[in-house]
Amino acid sequence: MHSKLTALFQKVYGRPPEIVTRAPGRIEFIGNHTDYNGGTVLGAAIDRGVWVGLARREDDRRQFYSELAGVVTTLPSGVLARQEGSSSWINYPLGVLAALPAFDLPAPEGFDYLAISDLPAGAGLSSSAAIELASALAFLTAVGSNPDRETVVKLGRHAENHFVGVPCGILDQGVSGFGQRDHLVFIDCRGPRFETVPLPRAAHFWVFNTHTKHALVDGLYASRHRECMEAARALGVGQLVEATMPKLERARAGLSDESYKRARHVIEEIARVDNARQALRRGDLSTTGRLLTASHRSSQVYFENSTPELDFLVDLLAGGLNVFGARLTGGGFGGAVMALTTPAFGGAQAAAVADAYAERFGKRPDILHAQTGPGAQVVMK
Ligand code: ADP
Ligand code: MG
């Protein structure tokens, strides 16, 4: 990817980049809808991501090019207006530039910028966080600043929340920023606090993206959020992370059926994250896999954010040959399923799963095979 980036940069701008950065996409490993309840989550930075090349200019022009858009867009350095239409992808790097003053960090004036990627965009792997973090590292390197990971993570999230306008939690940027090869990233969303957890090299990820999306997904997220907050209030806690199952059972009569089920999922999911962390410390992928599948069943029964498409994939994968466990990954109500597998799970087995899915639903899911990879990094300066 580095040489591809250099060649394309040369072709577009007639000179090589001075700075090259990259940041990975991520998979939500376990910890579903725990973030806004003050809980914990484990994520995997994968071995695919967004690469950014940058070279400073003498003038104050900022030129942006992405392989996805295929055209150079020029903006004077004072302009931080939201872009629309085919140049709306620029809102990600622009959002980072707009966030810098809030962190007392300087922005580079003029530059030539170029992004390439081996991470599908809009596939639930957080290409948005990857482009934000790769951009943040490139801009900060250009002004000679050497920020800590946490600042880069916060810059990316600030850009996404305040400039792009997506109210995402800390998972996407946190995992892209703190990822490490052969490790997962553990996030305690209160704080937030980041840690890495070793993952055996034999662990492989297979992601099946159904490209289905519930028509009412925004409203469904909002109602799940509200039901969690109602449950917390009824239990007399600030956030569900402070609640326990005995406490929930005692309060059950005073709760709506929905609030009980949502709270049960969140409380038990936080416990599963903890158990998965302990199992991984022992290198125990079998127990970890069972926890992944249990997480899916809880989404299915208690949080009710699964769909027949996702259930079909999990039923097919979990308990199958070479599979430790499988679950929906991301917000749910459509989207993707991920399986944790041994190295023996290969392309043929994945294709058989996709075939069975296509026979039932009339459309093949996209298949992506990944392992863990390094977090956001400066590759060249
Ligand atoms: P996800 O984060 O799940 O991939 P999002 O909708 O949050 O999906 O972000 C996808 C958007 O991020 C794309 O529509 C595009 O605007 C931007 N993006 C991602 N990768 C690139 C890239 N390589 N070049 C330009 N823009 C990108
Ligand atoms: Mg995103």
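All chains use their own residue numbering, which begins from 1 and follows the written sequence. Lettering for chains starts from A, numbering for ligands starts from 1, and both go in the order in which the items are written. Since the coordinates come from a predicted model, pLDDT governs what is reported: local features require at least 70, and pairs of side-chain atoms require 80 or more to be given and counted, while whole-chain, interface and lining totals use all residues. Water and hydrogen atoms play no part in the side-chain values, which are based on all heavy atoms of the structure.

## Observations concerning the domain arrangement of the protein chain
A common way to state how big an interface is: give the accessible area lost once the parts meet.
Link 1 in the chain: Residue ranges labeled as domains rest on an automatic or database domain assignment. According to the domain assignment, the protein chain contains domain 1 (2–199) and domain 2 (204–370).
Link 2 in the chain: A separation of 27 Å is found between the C-alpha centroids of domain 1 and domain 2.
Link 3 in the chain: The contact criterion used throughout is that any non-hydrogen atoms of two residues lie within 4.5 Å. Contacts between the two partners involve 29 residues from domain 1 and, on the opposite side, 40 residues from domain 2.
Link 4 in the chain: Each of two parts loses accessible area, computed with a 1.4 Å probe, when they are put together; buried area is these two losses added. With both sides pooled, the region where domain 1 packs onto domain 2 buries about 2700 Å², and carbon together with sulfur makes up 66% of that total.
Link 5 in the chain: Between Lys or Arg on one side and Asp or Glu on the other, a salt bridge is scored when a side-chain nitrogen of the former is within 4 Å of a carboxyl oxygen of the latter. Linking domain 1 with domain 2 are two salt bridges, by the criterion used here.
Link 6 in the chain: Pairing of N or O atoms within 3.5 Å defines a polar contact, subject to two protein rules: one partner must be a possible hydrogen donor and the other a possible acceptor, and residues neighboring in sequence count only if both atoms are side-chain atoms. Between the two partners, domain 1 and domain 2, sit 14 residue pairs in polar contact (both at pLDDT 80 or more).
Link 7 in the chain: Working definition: helices are DSSP H or I runs of at least four residues, strands are E runs of at least two. Numbering for both runs from the N terminus. Listing elements by their share of the side of domain 1 that touches domain 2, those giving two or more residues are β1 (19–30), β2 (40–56), β6 (183–188) and β7 (193–198).
Link 8 in the chain: Counting residues per element, the side of domain 1 that touches domain 2 draws most heavily on β2, which supplies seven residues.

## What about the site of ligand 1?
Link 1 in the chain: Among the 14 residues in the neighbourhood of ligand 1, the closest are listed as S66, G122, S126, S127 and S128.
Link 2 in the chain: Separating an oxygen atom of ligand 1 from a side-chain N or O atom of S128 is a distance of 3.0 Å.
Link 3 in the chain: Alone, ligand 1 offers 560 Å² of accessible surface; in the complex the protein occludes 78% of this.
Link 4 in the chain: With respect to the pocket detection grid, ligand 1 is positioned in the second largest pocket.
Link 5 in the chain: Looking at side-chain class alone, the shell around ligand 1 contains seven nonpolar, seven polar and no charged residues. The criterion for a residue being near a molecule or strand is simple. One of its heavy atoms has to lie within 4 Å of it. The accessible surface values rely on the Shrake-Rupley method and a 1.4 Å probe; as for residues, cover is taken only from the protein chains in view. In this analysis a 1.4 Å probe is tested at points of a 1 Å grid over the protein atoms alone, and where it fits but cannot get out there is a cavity; an open set with protein on both sides within 12 Å along at least five of seven lines is a pocket; lining residues have an atom within 4 Å of a point. Assignment of a molecule to a cavity or pocket requires that more than half of its atoms lie within 2 Å of the corresponding grid points. Throughout, the ten residues Ala, Val, Leu, Ile, Met, Phe, Trp, Tyr, Cys and Pro are labelled nonpolar, Asp, Glu, Lys and Arg are labelled charged, and all others, Gly among them, are labelled polar.

## Some words on the pattern of salt bridges
Should the charged atoms of two oppositely charged side chains come close, the side chains can pair.
Link 1 in the chain: On inspection of all chains with the given rule, the structure shows 25 salt bridges.
Link 2 in the chain: Where D182 meets R201, a salt bridge forms, and the shortest distance between an N and an O atom there is 2.4 Å. Taken as a pair, D182 in the loop between α5 (171–178) and β6 and R201 in the loop between β7 and β8 (204–213) lie far apart in primary sequence, 19 residues in all.
Link 3 in the chain: The exposure class assigned to D182 is buried, which follows from its relative accessible area of 17%.
Link 4 in the chain: Burial classification: accessible surface area is computed with a 1.4 Å probe over protein chains only, and a residue below 20% of its type maximum counts as buried, one above 50% as exposed, and the rest as partly exposed. Taking the relative accessible area as the measure of exposure, R201 reaches 47% and is therefore partly exposed.
Link 5 in the chain: The salt bridge involving D188 is made with R193; its shortest N-O contact spans 3.8 Å.
Link 6 in the chain: Taking relative accessible area as the criterion, R193 reaches 39% and is therefore assigned partly exposed.

## A word on the environment of Y357
Link 1 in the chain: Within the secondary structure layout, Y357 lies in helix α11 (residues 347–361).
Link 2 in the chain: The exposure class of Y357 is buried, given its relative accessible area of 2%.
Link 3 in the chain: Each C-alpha atom, one on Y357 and one on D59, is 54 Å from the other, the two residues being 298 residues apart in sequence.
Link 4 in the chain: The residues contacting Y357, other than those within four sequence positions of it, are T210, T212, E309, F312, L313, G362, K363 and P365.

## Overview of α11
Link 1 in the chain: Helix span is expected to be 1.5 Å times the residue number reduced by one. Here α11 contains 15 residues, and its C-alpha end-to-end distance of 21 Å stays within 8% of the 21 Å for a straight helix at 1.5 Å per residue.
Link 2 in the chain: Those residues of α11 not exposed but buried are A350, V353, A354 and Y357. The buried residues of α11 all sit within an arc of 95 degrees when viewed along its axis, so they share a single face. Among the exposed residues of α11, those oriented more than 90 degrees off its buried face are A348 and E359.
Link 3 in the chain: Where α11 is buried, its residues touch β8, α10 (308–317) and β11 (366–370).
Link 4 in the chain: Where α11 ends, the next residue or the one after it, G362, has phi of about 80 degrees, a positive value. An arc is given here, and it is the one of the directions from the helix axis to the C-beta atoms.

## So, the layout of surface pockets
Take a probe with the size of a water molecule and roll it over the atoms, and the empty space left behind shows itself.
Link 1 in the chain: Grid points are joined across faces, edges and corners, and a volume is the space filled by probe spheres set on the points. There is about 1600 Å³ of room inside the largest pocket.
Link 2 in the chain: What lines the largest pocket is a set of 49 residues, among which R26, C168, D172, Y221 and G331 lie closest to the centre.
Link 3 in the chain: Looking at the lining of the largest pocket, the elements that each hand over two or more residues are β1, α3 (127–142), α4 (149–164), α5, β8, α6 (217–234) and β10 (334–341).
Link 4 in the chain: Sorting elements by how many residues they give to the lining of the largest pocket places α6 first, with five residues.

## Describing the sheet that holds β11
Link 1 in the chain: Two strands qualify as a pair provided that DSSP identifies no fewer than 2 bridges between them. Strand order in this open sheet of four strands is β9-β10-β8-β11, and the pairing throughout is antiparallel. This sheet does not close on itself; its edge strands, each paired only once, are β9 (323–329) and β11. Each strand axis lies, on average, 20 degrees off the axis of its neighbour in the sheet, ignoring direction.
Link 2 in the chain: Those strands touched by α10 are β8, β9 and β10, and its axis lies near 10 degrees from that of β10. Helix axes are fitted only over the stretch in contact, all axes being lines through C-alpha atoms; the angle between N-to-C directions runs from 0 to 180 degrees.

## Focus: the nonpolar core
Link 1 in the chain: We define the nonpolar core as a collection of buried residues of types Ala, Val, Leu, Ile, Met, Phe, Trp, Tyr and Cys that are connected through side-chain atoms lying within 4.5 Å of one another. The biggest cluster of nonpolar side chains holds 71 residues, and the ones touching the most others in it are F29, L42, F64, Y113, I187 and F205.
Link 2 in the chain: The biggest single contributor to this core is α3, with 10 residues.
Link 3 in the chain: Once residues lying within four places of it in the same chain are set aside, the contact partners of F64 are Y13, V71, V72, T73, L75, W89, I90, P93, L94, L97, F111 and Y113.

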